[in-house]
Amino acid sequence: MSLASDLLDQASTLAGLDPMKPKQASLRRGISAAYYSVFHLLIDDGARRITANTMLQPYVARSFQHTSVKDAANKVIEQSKVTPPWPAPLFTATIEPELIRVCTTFVDLQSLRHSADYNTAILFKRDEVVAAISRAQAAHQDWALLRSSDNATVFLLHSAKLLPAR
């Protein structure tokens, strides 16, 4: 099993702990694990596309930064709203709905993770955490459907800052 899958499983486990009164620590770590499952899903796939050398892939994956993946995701989201959908440089004219959902989920989960990790004034409810985990699971499924598309490749290369920013 991959780290991304293990993190997704861990998120579900954490959300299910203490059925009567879940601890904030478990709920917050569940949100964080859900976010990191999507982050590692993307960067691991990106590293594999950049190099076939399995010894180098962990080092290549480290070159991906949370901010650069978020910027690339926002570029996809922004481009998907243009009417008619004129392609951004290197994207095809039609950006797949699965890619839009993966990118939207990534951005939303990153924001939620920041709140879970740093804003102790917010109290999380189990149903909010379960919903976030469901979105992460859907992102894993969507990515499996589109990961070999040209737009997914462009997104990953933008995430790694290997394409010009325009």
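All values derive from a computational prediction rather than experimental measurement.

Novice: Where do I start with the packing of helix 1 (residues 3–16) against helix 6 (residues 126–146) in this structure?
Specialist: The description of two packed helices rests on the angle between their axes and on the distance between the axes. In the contact formed by helix 1 and helix 6, the axes pass within 10 Å of each other and the chain directions differ by 160°. Accordingly, the angle class assigned to the pair helix 1 and helix 6 is roughly antiparallel. Crossing hand, helix 1 versus helix 6: left-handed. Each of A4, S5, L8, A11, S12, A15 and G16 in helix 1 lies in contact with helix 6, whose residues at this interface are R126, V129, V130, I133, A136, Q137 and H140. In the contact of helix 1 with helix 6, the residues fall into 8 nonpolar, 5 polar and 1 charged.

Novice: Got a minute to help me understand the packing of aromatic side chains in this structure?
Specialist: By convention here, two paired aromatic rings are described through the distance between centres and the angle between planes. What the rule picks out here adds up to 6 aromatic pairs. Centroid distance W143 to F155: 6.2 Å. Interplanar angle 65°. Geometry classified as edge-to-face. Within this pair, whereas W143 is found in helix 6, its partner F155 is found in helix 7 (residues 150–159), the two being separated by 12 residues in sequence. Per residue, the accessibility class of W143 equals that of F155, and both read buried. A connected cluster of aromatic rings, assembled from ring pairs, spans Y35, Y36, F39 and F106.

Novice: Even after reading the chapter, I still don't get unusual backbone geometry, so can you show me in this structure?
Specialist: One non-glycine residue, D18, lies in the positive phi region at around 50°. Within the element layout of this structure, D18 appears in the loop between helix 1 and helix 2 (24–50). Even without glycine at this site, K161 takes up a positive phi of about 60°. Along the chain, K161 falls in the segment after helix 7.

Novice: Explain the pattern of salt bridges to me, please; I cannot follow it from the model alone.
Specialist: In a structure, side chains of opposite charge can pair up when their charged atoms sit close to one another. A complete count under the given rule lists 8 salt bridges for this structure. A salt bridge links D45 to R49; the nearest nitrogen and oxygen atoms lie 3.5 Å apart. In this pair, D45 and R49 are both assigned in helix 2, 4 residues apart and thus about one turn of the helix distant. D142 serves as the salt-bridge partner of R101, at 2.9 Å between the closest nitrogen and oxygen. With a gap of 41 residues between them, R101 in helix 5 (residues 97–118) and D142 in helix 6 connect regions that are remote in the sequence.

Novice: Is there a simple way to explain the nonpolar core in this structure?
Specialist: The nonpolar side chains of a soluble globular protein tend to be buried, and buried together. Of all hydrophobic cores here, the largest spans 45 residues; its most connected members are L42, V69, L99, F106, W143 and F155. Looking at this core element by element, the count peaks at 11 residues for helix 2. In contact with L99, other than residues within four places in its own chain, are V76, W143, L146, N151, A152 and F155.

Novice: Would you explain the environment of S5 in this entry?
Specialist: Along the polypeptide, S5 turns up in helix 1. Judged by relative accessible area, which is 24%, S5 ranks as partly exposed.

Novice: Would you explain helix 7 in this entry?
Specialist: Owing to its 3.6 residues per turn, the α-helix brings residues three or four apart onto one side. Within helix 7, 7 of the 10 residues are buried, leaving the element largely enclosed by the surrounding structure. N151, A152, V154, F155, L156, H158 and S159 are the residues of helix 7 that are buried. Tucked inside the fold, the buried residues of helix 7 contact helix 2, helix 4 (66–80), helix 5 and helix 6. Where helix 7 ends, the next residue or the one after it, K161, has phi of about 60°, a positive value.

Criteria and cut-off values
Residues numbered from 1 in each chain as written. Predicted model: local features only at pLDDT ≥ 70, side-chain atom pairs only at ≥ 80, totals over all residues. Heavy atoms only, no water. Axes fitted to C-alpha atoms, helices over the stretch in contact; angles between N-to-C directions. Helix = DSSP H or I, 4+ residues; strand = E, 2+ residues; numbered from the N terminus. Parallel < 35°, antiparallel > 145°, perpendicular 65-115°, else oblique. Left-handed = near helix turned anticlockwise from the far one by under 90°. Contact = heavy atoms within 4.5 Å. Nonpolar A, V, L, I, M, F, W, Y, C, P; charged D, E, K, R; others polar. Phe/Tyr/Trp six-rings, centres within 6.5 Å; stacked < 30°, edge-to-face > 60°. Buried < 20%, exposed > 50% of the residue type's maximum accessible area, 1.4 Å probe, protein only. Salt bridge = Lys/Arg side-chain N within 4 Å of Asp/Glu carboxyl O. Core = buried A, V, L, I, M, F, W, Y, C linked by side-chain atoms within 4.5 Å.

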